[in-house]
There are 2 protein chains.
Amino acid sequence: MFMRKVAIVGVGMSKFGEDWKRGFRDLILEAGRRAIEDAKLSGAEIDGMYCGTMAPGRLIGQEHAGALLADWMGLNPMPSTRVEAACASGGVALRSGFLAVASGHHDCVVVGGVEKMTDVPGADVVSALGGAGDQEWELFPGATFPGIYALMARRHMLEYGTTEEQLAAVAVKNHENGSHNKYAQFQSPITIDTVMKSKVVASPLKVFDCSPVTDGAAALVLMPLDKAKQHSDKPIEIVASAQASDTLALHDRKSLTSVWATEVAAKKAYEMAKVKPKDISVAEVHDCFTIAEILAIEDLGFFKKGEGGKATAEGRTALNADISINTSGGLKACGHPVGATGVKQAVEVTWQLRGEANGRQVKEAEVGLTHNVGGSGATAVVHIMKRAY
Amino acid sequence: MFMRKVAIVGVGMSKFGEDWKRGFRDLILEAGRRAIEDAKLSGAEIDGMYCGTMAPGRLIGQEHAGALLADWMGLNPMPSTRVEAACASGGVALRSGFLAVASGHHDCVVVGGVEKMTDVPGADVVSALGGAGDQEWELFPGATFPGIYALMARRHMLEYGTTEEQLAAVAVKNHENGSHNKYAQFQSPITIDTVMKSKVVASPLKVFDCSPVTDGAAALVLMPLDKAKQHSDKPIEIVASAQASDTLALHDRKSLTSVWATEVAAKKAYEMAKVKPKDISVAEVHDCFTIAEILAIEDLGFFKKGEGGKATAEGRTALNADISINTSGGLKACGHPVGATGVKQAVEVTWQLRGEANGRQVKEAEVGLTHNVGGSGATAVVHIMKRAY
């Protein structure tokens with residue numbers, strides 16, 4: 001199908017969190033430098049760059065981030081392109097880099113993701129993030145993203161008997177995973193009680209059901225598989241890359257309890273990779289809210305529709321259980337610098353497949369998956385990766 | 001080099017101008033529908049979409065434009081990606097679509113470009129456009145884009161003796177061309193006197209040296225060349241696609257009188273297409289200000305450095321002269337809805353190569369070029385197209 005196979009040969013990320021000392025360009029520079037060093041590259045070998053970032057125009061007054069990053073990484077005149085698909089910007093950047101290498105157009109591509117979110121007041125962040133939904137039909141009339149996901153949660157509870165405690169179990173597991181990740185924004189375990197007693201944001205979602213506002217960046221280096229061995233002892237092949245779209249507005253969807261774009265992208269990705277959900281041992285899925293992880297593990301085929309909450313509460317998605325979900329801590333505990341998230345997911349899966357995930361290592365991880373969502377499900381991107389060594 | 005050749009099989013655009021009746025999604029829908037009809041396609045055949053738009057987050061509160069456009073065009077669950085490179089967003093979208101088809105990943109891609117600029121006060125437009133430059137080093141300290149291009153103009157005048165009248169000649173020619181284009185924002189010819197007597201914006205640039213604020217959209221359909229004949233009697237092959245980056249901030253550049261990113265992208269494009277500047281009969285170049293067209297026709301190799309102003313004043317870039325530059329009217333007269341511009345340039349060159357440009361038709365147009373710039377030259381994208389029939 002493609003001209004050539006594509007591998008990840010280097011990865012890096014910044015410490016996620018509230019970063020008062022560094023700006024947008026510093027964060028991506030740190031992540032990019034780590035990825036390039038990890039790939040044992042010199043800048044001169046890189047011939048293309050894709051960067052995912054959602055709302056730098058509104059958050060820091062800066063568009064044109066592709067060229068900015070090429071400039072600050074000292075990589076001019078290399079072509080550098082920003083892509084944006086709300087919170088799926090990073091996943092779309094990865095897919096863009098994948099296509100550029102698979103096509104034969106580029107031989108060495110850096111894929112970056114970044115967001116600097118804490119330089120503006122919280123209300124402005126909420127407003128900027130609202131741009132991920134349908135401005136005319138959802139945000140202008142007053143909806144916010146916690147409210148939109150709360151509707152999905154309520155419907156899931158009604159249809160399948162999912163409970164608030166089961167939602168809370170997602171947060172507890174992800175904080176436990178995050179406690180083993182030095183890059184995570186939150187590294188302290190929490191309990192079901194912590195979540196249940198936290199303030200309500202949009203019922204049934206409470207503060208600890210929500211991913212945080214985060215500054216951060218992640219980056220990786222892509223090369224044709226046949227050249228990858230020169231730069232990594234442990235190249236990770238991207239065996240599938242798929243993306244799908246759905247309506248921006250939740251009220252136009254066929255269902256509130258499944259994300260159709262995820263289902264479509266997952267089906268394509270499994271076909272492309274010639275694997276089934278049961279073959280995946282580690283997955284980073286898009287848990288912007290706890291309900292989102294439950295929808296994801298169902299829509300990705302890991303559990304039957306309606307059984308995601310129960311499975312999570314039973315510990316079946318914990319580290320080294322049936323399937324290890326969000327070993328990084330996910331968006332919930334590792335943090336959610338929106339444009340960086342999709343790239344960070346691939347960084348984490350790369351570490352897992354290489355056996356470099358330290359205290360949160362999944363045993364015998366052979367095949368990994370990343371799942372990145374924009375808005376409430378208007379974009380979904382799924383990648384599947386395999387060890388190529 | 002690539003898996004397969006790529007052709008344009010359909011094009012369309014909205015009437016450019018101040019459009020008080022239609023919004024962002026209406027504009028792209030109109031352009032997209034025209035392109036799809038022109039390609040004699042049904043929506044079901046389309047399997048990917050790329051959209052260039054610069055600042056919808058700041059201009060209309062809407063990010064996630066890729067999914068929004070798939071949704072409004074009725075094309076879900078097709079993957080749809082927004083790319084952004086300031087005023088080069090459209091050119092980068094075209095290159096992204098080109099790579100997606102060349103790679104074998106997509107068989108039929110819609111490339112769109114759109115900007116809705118008149119829904120906010122003028123000062124907010126200026127501020128949003130400022131995001132194309134270096135926010136920390138240029139815009140925050142007070143620079144605006146007319147000011148940045150004025151510096152380039154002053155230096156060109158100093159080094160090469162370019163005159164204000166020669167700058168004005170660019171605007172006069174482009175308004176003349178625009179008068180034959182029913183899609184142009186301005187369709188009235190002007191004189192050197194009109195320009196010279198217009199108000200100074202940033203000396204030496206006056207109102208008529210500047211492209212306007214515009215609402216508009218453009219779209220085209222890409223397919224593999226071997227399938228193109230089924231959809232068009234006159235397929236236009238994209239024989240080169242190149243993009244380059246430079247510093248965002250003008251003060252970091254090696255030169256104020258040439259745009260390095262244009263030179264790099266042009267060199268690559270000419271090599272890829274195996275043509276020379278003298279082989280190009282029609283070109284749409286990035287004349288956001290009159291000085292920008294003079295820089296472009298020099299950096300693209302049509303005229304020697306320093307001779308662009310003189311050549312323009314002598315009429316050598318007029319319709320059917322030595323080389324026909326900006327037959328659409330360019331950004332100056334056709335209008336500059338920033339994200340749409342790079343796509344509109346390809347629409348115009350397609351019409352020219354097909355012989356469908358009516359009163360502004362270039363005789364025996366065989367090879368055309370588009371040149372799209374982001375900011376003051378931090379991104380440049382060059383495409384070369386040929387008749388494939």
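The text that follows walks through the structure, step by step, so that each part is easy to find. Treat the numbers as computed from the prediction; the structure is a model and nothing was measured.

### A few points about the overall build of chain A
Line of reasoning, step 1. Looking only at helices and strands, chain A has 15 helices and 12 strands in total.
Line of reasoning, step 2. Expected size for 389 residues packed as a compact globule is a radius of gyration near 21 Å; at 19 Å, chain A falls within 12% of this value.
Line of reasoning, step 3. With respect to the three principal axes, the spread of C-alpha positions in chain A is 55 × 45 × 40 Å.
Line of reasoning, step 4. Here chain A holds 389 residues, and 66% of them are scored as buried.
Line of reasoning, step 5. Summarising the internal contacts of chain A: among those between residues at least 6 apart in sequence, 78% fall at separations of at least 24.

### Things to note about the interface of chain B and chain A
Much of the literature gives interface size as the accessible area that the parts lose upon coming together.
Line of reasoning, step 1. Residue-level contacts link 54 residues of chain B with 54 residues of chain A.
Line of reasoning, step 2. Contributions of two or more residues to the side of chain B that touches chain A are made by helix H2 (56-60), helix H3 (65-72), strand S3 (80-84), helix H4 (89-102), helix H6 (135-139), strand S8 (236-245) and helix H11 (260-273) of chain B.
Line of reasoning, step 3. By the bridge criterion, three bridges tie strand S3 (residues 80-84) of chain A to S3 of chain B in an arrangement that is antiparallel. Residue pairing across strands places glutamate 84 of chain A opposite arginine 82 of chain B, the latter belonging to S3 of chain B.

### Description of unusual backbone geometry
Line of reasoning, step 1. Going from serine 203 of chain A to proline 204 of chain A, the amide bond is cis rather than trans, its omega being 10°.
Line of reasoning, step 2. Mapping proline 204 of chain A onto the fold places it in the loop between strand S5 (200-202) and strand S6 (205-206).
Line of reasoning, step 3. Of note, the amide linkage connecting asparagine 76 of chain B to proline 77 of chain B takes the cis form, showing an omega dihedral of 5°.
Line of reasoning, step 4. Tracing the chain through its elements places proline 77 of chain B in the loop between H3 and S3.

### Describing the pairing of strand S4 (residues 109-115) of chain B
Residues and elements named next belong to chain B.
Line of reasoning, step 1. Summarising burial for S4: seven of the seven residues are buried, a large majority.
Line of reasoning, step 2. Every second residue of S4 is oriented toward a common face, with Val109, Val111, Gly113 and Glu115 on one face and Val110, Gly112 and Val114 on the other, all of them buried.
Line of reasoning, step 3. Where strand S2 (residues 48-52) meets S4, five bridges bridge the pair, whose relative direction is parallel. Looking across to S4, one finds that glycine 48 is bridged to valine 109.
Line of reasoning, step 4. Alignment of S4 against strand S7 (residues 216-224), held across seven bridges, turns out to be antiparallel. Each bridged residue has a counterpart across the sheet, and for valine 114 the counterpart in S7 is alanine 217.

### Thoughts on the packing of helix H7 (residues 145-160) of chain B against helix H12 (residues 290-299) of chain B
Describing two packed helices takes the angle between their axes plus the distance from one axis to the other.
Residues and elements named next belong to chain B.
Line of reasoning, step 1. Where H7 contacts H12, the axes come no closer than 9 Å and their chain directions differ by 60°. With respect to H12, the axis of H7 lies oblique. Regarding H7 and H12, the two cross each other, and that crossing is left-handed. The segment H7 lies against H12, with Tyr149, Met152, Ala153 and His156 engaging Ile291, Ala292, Ile294 and Leu295.
Line of reasoning, step 2. Residues that form the contact of H7 with H12 fall into these classes: seven nonpolar, one polar and no charged.

### Section: the relation of the copies chain B and chain A
Line of reasoning, step 1. The two copies are related by a screw operation: chain B maps onto chain A through 180° of rotation and 0.0 Å of translation along the axis, at an RMSD of 0.0 Å. What the rotation and shift describe, once combined, is the action of a two-fold rotation axis.
Line of reasoning, step 2. In this assembly, 100% of the residues forming the interface of chain B have copies in chain A that are likewise at the interface, indicating an isologous arrangement.

### What about the packing of H4 of chain B against helix H15 (residues 338-354) of chain B?
All names here are of chain B.
Line of reasoning, step 1. At a minimum axis distance of 5 Å, the contact between H4 and H15 shows a crossing angle of 55°. Taken together, H4 and H15 sit at an angle that is classed as oblique. Along the contact surface, H4 presents Ser89, Gly90, Gly91, Ala93 and Leu94, while H15 presents Val338, Gly339, Ala340, Thr341, Gly342, Val343, Lys344 and Ala346.
Line of reasoning, step 2. Per-class residue counts for the contact of H4 with H15 are six nonpolar, six polar and one charged.

### Structural notes on helix H7 (residues 145-160) of chain A
Residue and element names in this part refer to chain A.
Line of reasoning, step 1. Over its 16 residues, H7 runs 22 Å from end to end, which matches the ideal 22 Å to within 8%, given 1.5 Å per residue.
Line of reasoning, step 2. Of all the positions in H7, only Phe145, Pro146, Ile148, Tyr149, Ala150, Met152, Ala153 and His156 are classed as buried.
Line of reasoning, step 3. Check the buried side of H7 and you find it contacts helix H5 (122-130), helix H6 (135-139), helix H8 (164-178), S5, S6 and helix H12 (290-299).
Line of reasoning, step 4. Directly beyond the C-terminal end of H7, a positive phi value near 75° is found at glycine 161.

Reading guide: rules and limits
Residues numbered from 1 in each chain as written. Chains lettered and ligands numbered in written order. Predicted model: local features only at pLDDT ≥ 70, side-chain atom pairs only at ≥ 80, totals over all residues. Helix = DSSP H or I, 4+ residues; strand = E, 2+ residues; numbered from the N terminus. Rg over C-alpha atoms; globule rule 2.2 N^0.38 Å. Buried ≥ 20, exposed ≤ 12 C-beta atoms within 10 Å, placed from the backbone. Contact = placed C-beta atoms within 7 Å. Pairing = 2+ DSSP bridges. Axes fitted to C-alpha atoms, helices over the stretch in contact; angles between N-to-C directions. Parallel < 35°, antiparallel > 145°, perpendicular 65-115°, else oblique. Left-handed = near helix turned anticlockwise from the far one by under 90°. Nonpolar A, V, L, I, M, F, W, Y, C, P; charged D, E, K, R; others polar. Least-squares fit on C-alpha atoms with pLDDT ≥ 70 in both. Expected span 1.5 Å × (residues − 1).

As far as function goes, none of this settles anything; it's purely spatial.
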